[in-house]
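Fold and geometry: a report
Residue strings, one per chain:
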Amino acid sequence: MHAISLLQIAPTLAEFFEVRLNSPARPVTSILNFMHTCNPHVVVLVVIDSLDLHVYSEFAAELEVLHRLVEQNGLLFAFEQVSSHTTPAIASLLTGLDPESHEIVVSADVAASKIKSILEILDDEGMPTAAVLDTNGAKPLLGRMSHVFGVEDREDIVAYDEEIKTHTLAVLQKQDVRLVLSHLRSIDRFAHRGWDLQIAARITNGNMKEITEAARDRDGMLFICGDHAAHRKARNVAQDTIPIPIPVPLIVASPYP
Ligand SMILES: [Zn+2]
């Protein structure tokens, strides 16, 4: 497992798609080489909210789809979170800029921001992109890229993720789409509530299984990552006093039949 920065993901995608992105971060050569070998028609970037390396390892049995992708041919990386909050972390993922530079704290800031994400840049260059995320995050993106699906936040996060998955599968049917962002939130919600993460991991795995199959059917590649370390209710006090957040995984994979 190699250490990278979250900020390198957007520059890597920009380099592959041959578009210009303003970021101080460098593309990741091993990912680029892999991408050039696979030459994917579409890249599906799935953010699994609160997926950190502890969750990834502890629930390896439940998250078997992710582990299988790595075992087959996938690359596994680890990065330090740039923010413990979802919106700034995803903004960094999509812009290649740290939170101090993009200044996106809440979804409403996206509307006011002059900084374009990799989704908008690709779309502007004639390579249609899609985003499937909560309504608040989706609203500012409407009209700035080809396909935007907002899913209403709710207490029933399992039903919410089901809808995210359904829209993701639907947009993957569109032949022209080159990059899809999808944001699954069950693990994060279960962690915040102190609920059984095993259940959330199993639900996430089920959704990832279908997204993986859909990506494979479109000769696609998957980028699967967390956004920040899980906000877990104290299960181990000693661990919660460790000031360094747990690193976050990125899996880059080209799914097999
Ligand atoms: Zn988050």
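Analysis parameters
Residues numbered from 1 in each chain as written. Predicted model: local features only at pLDDT ≥ 70, side-chain atom pairs only at ≥ 80, totals over all residues. Axes fitted to C-alpha atoms, helices over the stretch in contact; angles between N-to-C directions. Helix = DSSP H or I, 4+ residues; strand = E, 2+ residues; numbered from the N terminus. Left-handed = near helix turned anticlockwise from the far one by under 90°. Contact = placed C-beta atoms within 7 Å. Nonpolar A, V, L, I, M, F, W, Y, C, P; charged D, E, K, R; others polar. Buried ≥ 20, exposed ≤ 12 C-beta atoms within 10 Å, placed from the backbone. Pairing = 2+ DSSP bridges. Parallel < 35°, antiparallel > 145°, perpendicular 65-115°, else oblique.

**A closer look at the packing of helix H1 (residues 9–17) against helix H2 (residues 29–38)**
- Running from amino to carboxyl end, H1 crosses H2 at an angle of 35°, the nearest separation of the two axes being 10 Å. Once H1 is placed against H2, the crossing between them reads as right-handed. Across the interface between the two elements, Thr 12, Glu 15 and Phe 16 of H1 pack against Ile 31, Leu 32 and Met 35 of H2.
- Looking at the contact of H1 with H2 residue by residue, the class counts come to four nonpolar, one polar and one charged.

**Thoughts on the pairing of strand E8 (residues 248–253)**
- Counting buried positions over the six residues of E8 gives six, a clear majority of the element.
- The alternating pattern of E8 places Val 248, Leu 250 and Val 252 and Pro 249, Ile 251 and Ala 253 on opposite faces, both of which are buried.
- For strand E3 (residues 75–80) and E8, the ladder comprises five bridges, and the chain directions are antiparallel. Counterpart to Leu 76 in the pairing with E8 is Ile 251.

**Thoughts on the packing of helix H4 (residues 64–72) against helix H12 (residues 197–217)**
- Relative to each other, H4 and H12 sit at 45°, their axes nearing to 8 Å. Relative to H12, the element H4 lies oblique. Across the interface between the two elements, Glu 64, Val 65, Leu 66 and Leu 69 from H4 touch Asn 205, Met 208, Lys 209 and Thr 212 from H12.
- Class assignment of the residues belonging to the contact of H4 with H12 gives a composition of four nonpolar, two polar and two charged.

**Focus on the sheet that holds strand E2 (residues 42–48)**
- Taken in spatial order, the eight strands line up as E1-E3-E8-E7-E2-E6-E4-E5 in an open sheet, and their pairing is mixed. Each of the sheet's edge strands pairs with one partner strand only, and the pair in question is strand E1 (2–5) and strand E5 (147–151). Here the strands of the sheet are splayed against their neighbours by 20° on average, with no regard to which way each runs.
- Its contacts with the sheet place H2 against E3, strand E7 (220–225) and E8, and it is angled at close to 145° to E3.

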